[in-house]
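So you can see what is in the structure, the chains are spelled out below.
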Amino acid sequence: MLSRAKGDYDRAELTFQIPSVIRMQNMGIPASLCRMMHNLLEFVSRGGDGDGAQQMHDAYKSLEGVIDDLHLLLLDPARFLFDAEGLVGNSSNMRLLYRKGKLYGRDKEETLITDAFCRVSRGQSEAFFIGGFSGSGKSMLVNSLRERVNVVGGYVIKHKFDAISQERPLSGVISAFNQTCQMIKDRHSPRRLFEIAKKLRDEFGVDFGLLVRLLPSVSVLVPDFVRPGLVEQDGDTMNVRSVCYSLLRFVRVVSSPVHPIMLFLDDIQWADSTALDVIHTILSDTMGSCMFFVGTYRDNEVQVEHAVFDLMEKLDISNVRTTKVSLTGLGREDLNTMISDALCLYPRICMPLSDIVLQKTKGSPFFVLEFMQSLMSRSLLQYNFHQKRWVWNEDIIRAEEITDNVLHLLSTKMNRLDELQVMVLKVMACFGTRTDESVIGYLSESTEYSGIRDGLEGAISDGFIEKDSDGNFKFRAISDGFIEKDSDGNFKFSHDKIREAAYNLIPDSDKKQFHYNLGKVLHSVCEDKDDVGNTVLLIASQMMYGEEFIQQDDEEVVIALAELNMRAGKKAMDGCDHKTAYSYLQAALSLLPNNHWERHYDVSLRLHFLVACAANSILKADEAELILNKILANTRCIEDMLPSKFLLSQ
């Protein structure tokens, strides 16, 4: 903590000099009124002369300023009229009072997205794209609409893409629609649920098993229709086209003007054309679908040939109404309002500080939050209990070498944590923006990461994580913290920049090895477990980051990794994400030695057949045929040939 000599905050620590104001203070009049009276009398003592008044720092420059302050006192007395000690805490636990959920400087965009949803509520699907740099408030803008959607009976479903897990984009879209089933069950009466179930059964008929396989949570809506073996009997018959069509038919049944679906896909710059084609298929439907699609992306990180812009063009051609907005940094007045609210001080007093913050952060909302926190941590922004206000010195702040890089601010904060907590951040950053509770559990069973839960608990006791009213845990920072625990019990970074800063704690030269070792540890814990769900995908991905280290292991380890990728591919196929499956299975093929048909016949046979099935499902028919012929050339008996011959005949 930087120490400050007495006198550093002379501007803010000046006691009231006018006797009448001192008497007001002694009578217990709120400091805000005393300050207003003091500034007003300073203004009067200068005869209203603007140039002289400027020399009095906080003195009013005109009567319009007095009117503005009085207006604030009437509108929000809890923040601007009454003394804030009870709100901000005590000297050891100070915090800035940002308005929760408040969108600063986004009134126009809020109106646009609200109007678009209102049109969807009248029965017409629409798309809404929000561009902007990381930290510009894209997700906040979307979240401002969630309550309205819920109030009118709509379903809000969401998926966030990220750079780490971008090889599974279609799975994310499918999982988002899977969320809808539980929402429907929770909101409707048994009679209404029976009607929905009957409509689904009538719509899908003999294909109902495909729907259950695609969206497992459908079983909570139609338990009487889901009989044992229903899913298995459909085999591997779904391809990308059937996935699109099945989701479209599902949306037709469950959505309506009374119950529209709002699908929010965050960071679609990490999505691919397959995932976005599903969105186009549903939005361009003219037979009853009612969906509001909202996609956010970093417009400074995508090129014109990206699939996002291809989707926009396709929607225009299909006559789907589309709105596009781009968020930039906050303007001077909006940023000053944000800081004024946080400090519970009149905007005219905060403006000099706001100008410095604007210069450093370019108005990026997330950067502003972290920058203000850094001022507090360096004792450049303090709460003065005598003056009952936050105090600072613009000259000192302006002279300080404070980074204009938000990642550096976050990394500096993280480096103050103990070794165990830093390890937690590094590990979770390798998994992307969120980490399943089950993965934390598996890691805690290992010797290498046995203390991972202690790292989380230690952060709680040290004040970096707090428990909210719902019993969930989250790291304390100026915004929502480093890591949160969501309603499903899984952990997630509260912002992309926080994950990026945590990932940067691992030196670039060590990243591949760190991923590989993490995957090996998870594999050693999970290899004897019957079913670890989607964790098998995570393990395979982590180990393939260190592909260059794989060849250094003996053949037994390499074959085990090939089988792991084969399991991951099969798991993705079971979830109808054949493109992801194809990626894992190709990785498995690349690990097989040259003489694999002689030395590892069973693995080779099963793997090649799965690759052929995945290739066929993603419309790579020529490649599928080539692989099937390779199987036929290497099989040892007629029984091993039959599946390949059957697939070739289709």
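Since this is a predicted model, take the numbers as computed values, not measurements.

On to the sheet that holds strand β4 (residues 291-297). In spatial order, the strands read β2-β3-β4-β1-β5; together these five strands make up an open sheet with parallel pairing. The two strands at the open ends of the sheet, each matched to only one other strand, are β2 (155-160) and β5 (322-327). Pairwise comparison of adjacent strand axes, ignoring direction, gives a mean angle of 15° for this sheet. Of the strand pairs in this sheet, strand β1 (residues 126-132) and β4 are connected by six bridges, and their pairing is parallel. From the neighbouring strand, Glu126 faces β4, where its bridge partner is Phe292.

Atomic detail in the predicted coordinates should be set aside for any region of low pLDDT. Considering every residue of the protein, the mean pLDDT works out to 82; 84% of them sit at 70 or more. Overall, residues 1-14 carries pLDDT values under 50, and its contacts beyond four positions in sequence, including any with other chains, amount to 30 contacts. Of the regions scoring below 50 in pLDDT, residues 459-480 engages in 51 contacts with residues more than four places distant in sequence or in other chains.

It is worth spelling out the pattern of salt bridges at this point. For side chains of opposite charge, pairing can occur when their charged atoms come near one another. A full pass over the atoms with the stated rule returns 30 salt bridges. Close ionic contact of Asp267 with Lys160 constitutes a salt bridge, the shortest N to O distance being 2.9 Å. Highlighted residues: Asp267 in the loop between β3 (261-266) and α14 (273-283) and Lys160 in strand β2, separated in sequence by 107 residues. Owing to a relative accessible area of 22%, Lys160 belongs among the partly exposed residues under this scheme.

Moving on, we come to the packing of helix α28 (residues 555-574) against helix α29 (residues 578-591). Axes are the key here: two packed helices are described by the angle between their axes and the distance separating the axes. Between α28 and α29, the least distance of the axes is 8 Å, while the angle of their chain directions is 165°. As judged from the angle between their axes, α28 and α29 are roughly antiparallel. Considering how the two elements wind past one another, α28 and α29 form a crossing that is left-handed. Side by side, α28 and α29 meet where Val558, Leu561, Ala562, Asn565, Met566, Ala568, Gly569, Ala572 and Met573 of the first sit next to His578, Thr580, Ala581, Tyr584, Leu585, Ala587, Ala588 and Leu591 of the second. Tallied by class, the residues present in the contact of α28 with α29 amount to 13 nonpolar, four polar and no charged.

Secondary-structure assignment places Ile196 in helix α11 (residues 190-204). Considering only alpha carbons, one finds Ile196 and Val253, 57 residues apart in sequence, at a separation of 7.3 Å. Residues in contact with Ile196, not counting those within four places in the same chain, are Ile184, His188, Val253 and Val254.

Within the fold, Arg298 resides in the loop between β4 and α15 (307-317). On the basis of relative accessible area, Arg298 is assigned to the buried category, the value being 7%. A distance of 3.1 Å separates polar atoms of two side chains, one belonging to Arg298 and the other to Asp496. The contact partners of Arg298, leaving out residues within four places of it in the chain, are Gly132, Ser134, Lys138, Asp267, Gln269 and Asp496.

Another point: the packing of helix α31 (residues 601-617) against helix α33 (residues 638-649). Packing of α31 against α33 brings their axes to within 11 Å, and their N-to-C directions diverge by 10°. Between α31 and α33, the angle is such that the two are roughly parallel. Between α31, through Tyr601, Leu605, Phe609, Ala612, Cys613 and Asn616, and α33, the contact on the second element is made entirely by Asp640, Pro643, Ser644 and Leu647. Here the contact of α31 with α33 is composed, by residue class, of seven nonpolar, two polar and one charged.

Rules of the game
- Residues take numbers from 1 onward in each chain, read along the sequence in its written order.
- Restriction of local features to residues with pLDDT of at least 70 applies here, the model being predicted, together with a cutoff of 80 or more for giving and counting side-chain atom pairs; totals for whole chains, interfaces and linings are based on all residues.
- Only heavy atoms go into the side-chain values, all of them from the structure, while hydrogens and water stay out.
- Any two strands with at least two DSSP bridges between them are considered paired.
- Per the convention used, a helix needs a DSSP run of H or I reaching at least four residues, while a strand needs a run of E reaching at least two, with both numbered from the N terminus.
- Axes here mean lines fitted to C-alpha atoms, for a helix over just the part in contact, with angles spanning 0 to 180 degrees between N-to-C directions.
- Predictor confidence is given residue by residue as pLDDT, running from a minimum of 0 to a maximum of 100.
- Only heavy atoms enter the contact rule, under which two residues are in contact if any of them lie within 4.5 Å.
- Only one rule defines a salt bridge in this text: a Lys or Arg side-chain nitrogen within 4 Å of an Asp or Glu carboxyl oxygen.
- Exposure classes here rest on a 1.4 Å probe applied to the protein chains alone. A residue is buried below 20% of its type maximum, exposed above 50%, and partly exposed in between.
- The cut-offs work like this: below 35 degrees is roughly parallel, past 145 is roughly antiparallel, 65 to 115 is roughly perpendicular, and the gaps in between are oblique.
- Whether a crossing is left-handed or right-handed is set by the direction in which the near helix is turned from the far one by less than a right angle, anticlockwise for left-handed and clockwise for right-handed.
- Residue polarity follows a fixed list, in which Ala, Val, Leu, Ile, Met, Phe, Trp, Tyr, Cys and Pro are nonpolar, Asp, Glu, Lys and Arg are charged, and the others, Gly among them, are polar.
- Pairing of N or O atoms within 3.5 Å defines a polar contact, subject to two protein rules: one partner must be a possible hydrogen donor and the other a possible acceptor, and residues neighboring in sequence count only if both atoms are side-chain atoms.

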